[in-house]
Structure formats: structure tokens, C-alpha cells
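Below are the chains, spelled out letter by letter.
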Amino acid sequence: MIKVVIVDDELDAITSLQYELNQINEVRVVKSFTNISLAESFISNEEFDILFLDVEMPQCGGIDFLRKFLSRNFQVVFTTAYSKYAFDAYKNEILDYLLKPIDVDDIRYVLEKFNKKQLEKKIIEEYRNKKTINIYANGQDKIIEQDTIIYCEADGNYTSIYLKGNLKYFVSHNLKYFENNLDENFVRIHNSYLVNVNFIKSFNKKSSILALIDNTELPVSRLKKKAFLDKFKK
């Protein structure tokens, strides 16, 4: 449900906009204001999604009113009968600028833009939350998402990295580098191997052989076995 707040000095304008918004099931008007002071107090303390804000109001212009909120977690749609304020309005990073009278098609267009922005925001947040590691391989700098790495294999001062999708990179860092820079999902099972516990398929305690989801089988050394088992149980 998209929560909406309306601020306009004209009650008729609020009533008209509210009627159009009520035609759309995914929208709920949580509050409307003709009083700027009451609106400012509410907006500062409550959570909602979109503010429909009139541009010309005698108490305080909509653009000046918006500047009171230096940091905001809601989108803004300016509503006005005049197009002359559009340039200044868009400098305030608004979602849209609608000319009155506003109809349901205008609102549906605004909601499409809002939903698109929300999706973009979600994708960016998910990307930021992904843990990555930088490597240099095949003559290029690469950024690898850690949760795509199945295991790493030492080769002297170099390391082979095996990833989902049958990808492999040969990197000029030793295995200790990856042990220090990969997250808590990686465990050293042997002097030659560092594995992602999320890709373990099974472990044979008698033979100390570890099977991974790509059907690779790796030995777990006697010295690393206890630490591995403690990690594997988690």
C-alpha cells in the first residue's frame, strides 16, 4: 500500500485530489493539511511514501516548504495550476510536477514512476549489501561477489578461484590473502584449500573428504578438521 499525504491551502483541491487517489486500490491517503505548521509537524515525525504538495500557498510556498526537509524518505509531487514553477521545482529532486486539475491517469503515471524508483532503490541496496572482493585476472581488474565463490586453491604464491557457472580465475595472490579478505563463510580446510561453507554438499568423517556442490572432492587436513567441523555445524 502506497501511503500519501496532501498539503494544499485549498480544501476543494484536496477533496478533488483525494477523490482521484481513492480510485486506485494501492493508494491510501493517510492525512491532508491546509495548515502548513501542522503539515510540517506531521511530515517530520511520520512515515509515508508520497507527498502531494501545492506550489502556491499564502502561508509558505511549496518549494520553500520542501526545503525545510533537508533529508527526506518520501517522494514529492508538486501540484499547481501554473507551469512557471516547474524549473525550480525539479531542482528539488521531485518525483513529478502535475498541473491542476489532476485526473486519475496523471496519478497512475506518477505511481508508475514511484514504483520504478522503489525497484531501482531496492536493486541498489541489494548490490551495496553484497560482499565483494577485487582481483586482477586475465589482464583485467574484476569485482567478484563473494557468494559466487565455491572454493580457492593455492598454487604457490598464486591462487585459483572456482566460481559458480564453471568459472575459474588464476590470481597473483596467495591463499592467505583470500583467507584474510573473504567473509566468515569461508574456512581453511587444508594448506591448499579455502572453501565456502554454503557450497558444501557432504563430509565423510572417516575419510575426511569434503564434497562440494560442483562435485569437487577436497581433503580436510587433520590440523584443520576441528575448526572446520565447528564452522560446518553452524
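J.: It is not clear to me how the nonpolar core should be interpreted in this structure. Could you clarify?
T.: Generally speaking, a soluble globular protein has its nonpolar side chains buried in company with each other. Counting 22 residues, the largest nonpolar core has Val7, Ile43, Leu51, Leu53, Phe65, Phe74 and Phe78 as its most contacted members. Tallying contributions element by element places helix α2 (residues 36–45) first for this core, with four residues. The contact partners of Leu53, leaving out residues within four places of it in the chain, are Val7, Gly62, Phe65, Leu66, Val76, Val77, Phe78 and Thr79. If you look at the next biggest cluster of nonpolar residues, it comprises 19 residues, including Ile50, Val77, Leu98 and Ile107.

J.: Got a minute to help me understand unusual backbone geometry in this structure?
T.: Note: most peptide bonds trans; most residues except glycine with negative phi. The linkage connecting Lys100 with the following residue, Pro101, adopts the cis geometry, with an omega of 0°. Although it is not a glycine, Ser208 sits at a positive phi angle of roughly 60°. You can see Ser208 is positioned in the loop between β13 (200–204) and β14 (209–212). In this structure, Asn215 takes a positive phi of about 75° despite not being glycine. Along the polypeptide, Asn215 turns up in the loop between β14 and β15 (217–219).

J.: How do you make sense of the sheet that holds strand β4 (residues 75–80) when you look at a structure like this?
T.: Strands pair in a sheet through their backbones, by hydrogen bonds, and they do so in one of two ways: parallel or antiparallel. Sheet architecture is open: five strands sit in the order β2-β1-β3-β4-β5, paired in parallel fashion. The open sheet terminates on both sides in strands that have one partner only, identified here as β2 (27–33) and β5 (96–99). Adjacent strand axes in the sheet meet at a mean angle of 20°, parallel and antiparallel pairs treated alike. Sheet topology note: the strand β3 (residues 50–54)/β4 ladder contains five bridges and is parallel. Paired with Leu51 across the bridge in β4 is Val76. Lying over the sheet, α2 contacts β1 (2–7), β2 and β3, oriented at roughly 135° with respect to β2.

J.: Any chance you could explain the pairing of strand β8 (residues 149–155) here in plain terms?
T.: The two faces of the sheet receive side chains in turn, since in a regular strand these alternate between them. Alignment of β8 against strand β9 (residues 158–163), held across six bridges, turns out to be antiparallel. If you follow Asp155 over to β9, its bridge partner there is Tyr158. Linking β8 back to β9 in an antiparallel pair, the connection comprises two residues, with Gly156 at a positive phi of about 65°. Pairing of β8 with strand β12 (residues 193–196), which is carried by three bridges, proceeds in the antiparallel orientation. Residue pairing across strands places Tyr151 opposite Val195, the latter belonging to β12.

J.: Honestly, helix α1 (residues 11–21) in this entry has me stumped. Any pointers?
T.: Counting along an α-helix, one turn takes 3.6 residues, and residues three or four places apart therefore face a common direction. When we look at burial in α1, the residues that qualify are Ala13, Ile14, Leu17, Glu20 and Leu21. Down the axis of α1, the smallest arc covering the buried residues is 130°, so these residues share one side. Relative to its buried face, α1 has exposed residues pointing more than 90 degrees away, namely Leu11, Asp12 and Tyr19.

J.: Teacher, can you tell me more about the side chain of Glu20 here?
T.: Checked against the element boundaries, Glu20 lands in helix α1. Salt bridges are absent for the buried Glu20, whose nearest opposite-charge side chain, Arg108, sits at 8.3 Å. A polar contact of 3.2 Å, which involves the side chain of Glu20, links it to the backbone nitrogen of Val104. Among all residues touching Glu20, those that are not within four sequence positions of it are Ile102, Asp103, Val104 and Ile107.

The rules we used
Residues numbered from 1 in each chain as written. Predicted model: local features only at pLDDT ≥ 70, side-chain atom pairs only at ≥ 80, totals over all residues. Heavy atoms only, no water. Core = buried A, V, L, I, M, F, W, Y, C linked by side-chain atoms within 4.5 Å. Buried < 20%, exposed > 50% of the residue type's maximum accessible area, 1.4 Å probe, protein only. Helix = DSSP H or I, 4+ residues; strand = E, 2+ residues; numbered from the N terminus. Contact = heavy atoms within 4.5 Å. Pairing = 2+ DSSP bridges. Axes fitted to C-alpha atoms, helices over the stretch in contact; angles between N-to-C directions. Arc of directions from axis to C-beta. Lys, Arg positive; Asp, Glu negative; His and termini not counted. Salt bridge = Lys/Arg side-chain N within 4 Å of Asp/Glu carboxyl O. Polar contact = N/O pair within 3.5 Å; in protein donor to acceptor, adjacent residues only side chain to side chain.

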